[in-house]
Amino acid sequence: EFTGLPEGSYDLAVAPRVGSGVAGRVVSGIAVSATAPVVRDVQLSPASRVNGVVRNRAGQPVSGVDVWLFGAGNPVVPGDAVVGNSVTPGPSAQLLSALSASSGGYTAGAVTGSDGTFTFQGLPAGHFTVVTDSVPDKGLAPGTAEVDLGAGAAASLAVVLPQPCGITGVVS
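Here the residue numbering is sequential within each chain, running from 1 through the sequence in written order. Only residues with pLDDT of 70 or above have their local features reported here, since the model is predicted, and side-chain atom pairs are shown and tallied only from 80 upward, although totals for entire chains, interfaces and linings are computed over all residues. Each side-chain value is derived from all of the structure's non-hydrogen atoms; neither hydrogens nor water enter the calculation.

1. Regarding the overall build of the chain
Counting its secondary structure elements, the chain contains zero helices and twelve strands. Elements are defined by DSSP. Helices are runs of H or I of four residues or more, strands are runs of E of two residues or more, and each kind is numbered from the N terminus. Mapped from its N terminus to its C terminus, the chain presents α and β elements in the order β-β-β-β-β-β-β-β-β-β-β-β. Only heavy atoms matter for contacts: two residues are in contact if any of them lie within 4.5 Å across the pair. At a minimum sequence separation of 6, the contacts of the chain that also span at least 24 residues come to 59%.

Encoded structure:
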C-alpha cells in the first residue's frame, strides 16, 4: 500500500525476492486521483533462465568475456547472477539489470567464468539476443545468439566467437 501520493500517473515495479522463482514486472500508467482509491493487483509469471557458454572456433571455452542480454520484457532490480559456477546475489555478481533506454526492454550483463559459462536468471518471457564483447588479445570478434523464452522456461545456448575480419584499401 502506498499512501500520500500526489495525483498523477505512476509506474509500479514489482521486484520479487531473489530465488523466489517468479519474474518481476512493471505496470505502467497507473492513474491516481484524490477522488477514488486505486486497487491494482499484479500477476507474476514464473521466472525463466538462459544458460550459456562462450567458445572459440576450436570449441574451447573462453573466460572473462562480457556477455549482454537484450530483449523484450519487464525489467526489475537485479536478481541472482551465476558467474561460472558460483552464485552471488545482486549486482556484486556483475549482473546489472536496467531499463534499456532505446527499447524500454530488458538489459542485463554478466562475465563468463573460468569454464566460459554464464547464466541469466529471473527473466520474463520474451525474445532475447545475447551479445558478447570481442576478445582482442585472443584474436576473437564479438558473437551473438538469439533465444525465445516462455514463462518458467530454461534455454541453453552456445556463442561461438569468430576470428575478426578486416577491410583494407586506399581512398583516392
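Moving on from the coordinates now.
2. Brief notes about the side chain of Ser48
Note on placement: Ser48 falls in strand S3 (residues 48-56). Among the polar contacts made by the side chain of Ser48, one reaches the main-chain amide nitrogen of Ala153 at a distance of 3.3 Å. Whenever two N or O atoms come within 3.5 Å, that pair is a polar contact, provided that in protein one can donate a hydrogen and the other can accept it, and provided that, for residues adjacent in sequence, both atoms are side-chain atoms.

3. Considering the nonpolar core
The term nonpolar core refers to a set of buried residues drawn from Ala, Val, Leu, Ile, Met, Phe, Trp, Tyr and Cys, joined through side-chain atoms within 4.5 Å. Relative accessible area decides the class of each residue, using a 1.4 Å probe on protein chains only: under 20% of the type maximum gives buried, over 50% gives exposed, and in between gives partly exposed. Ranked by internal contacts, the top residues of the largest apolar core, which has 22 residues, are Val54, Phe118, Phe120 and Leu157. Mapped onto this core, the elements with two or more residues apiece are S3, strand S4 (66-71), strand S8 (106-111), strand S9 (117-123), strand S10 (126-132), strand S11 (144-149) and strand S12 (154-161). With four residues, the top contributor of residues to this core is S12. Contacts of Val54, omitting those with residues within four sequence positions, involve Gln60, Pro61, Val62, Val65, Val67, Thr112, Gly116, Phe118, Thr132, Val159 and Leu161.

4. Structural notes on the side chain of Thr112
For Thr112, the position within the fold is in the loop between S8 and S9. One polar contact links the side chain of Thr112 to the main-chain carbonyl oxygen of Val62, over a distance of 3.0 Å. A distance of 2.9 Å separates a polar atom in the side chain of Thr112 from the backbone nitrogen of Val65. Those residues in contact with Thr112 that sit more than four places away from it in its chain are Val54, Val62, Ser63, Gly64, Val65, Val67, Thr117 and Phe118.

5. Quick notes on the pairing of S12
The side chains of a regular strand alternate between both faces of the sheet. Because side chains alternate across S12, one face comprises the buried residues Ala155, Leu157, Val159 and Leu161, and the other comprises Ala154, Ser156, Ala158 and Val160, none of which is buried. For two strands to count as paired, DSSP must find a minimum of two bridges between them. As paired strands, S3 and S12 are joined by eight bridges and run parallel to one another. Residue pairing across strands places Val54 opposite Val159, the latter belonging to S12.

6. Notes on the environment of Pro61
Counting through the fold element by element, Pro61 comes out in the loop between S3 and S4. Residue classification places Pro61 among the partly exposed positions, given a relative accessible area of 43%. The sequence separation of Pro61 and Ala158 amounts to 97 residues, and the corresponding C-alpha distance is 9.9 Å. Contact partners of Pro61, with chain neighbours within four places excluded, come to Val54, Arg55, Asp115 and Gly116.

7. Considerations on the environment of Gly113
Assignment of secondary structure puts Gly113 in the loop between S8 and S9. Gly113 sits in the buried class, given a relative accessible area of 8%. Separated by 51 residues in the primary sequence, Gly113 and Val62 have C-alpha atoms spaced 8.3 Å apart.

8. Focus: the environment of Ala145
Along the chain, Ala145 turns up in strand S11. Under the relative-accessibility criterion, Ala145 is labelled buried at 14%. With 93 residues separating them in the primary sequence, Ala145 and Gly52 have C-alpha atoms 9.9 Å apart. Once you skip the residues sitting within four places of it in the chain, Ala145 turns out to touch Phe128, Thr129, Val130, Leu157, Ala158 and Val159.

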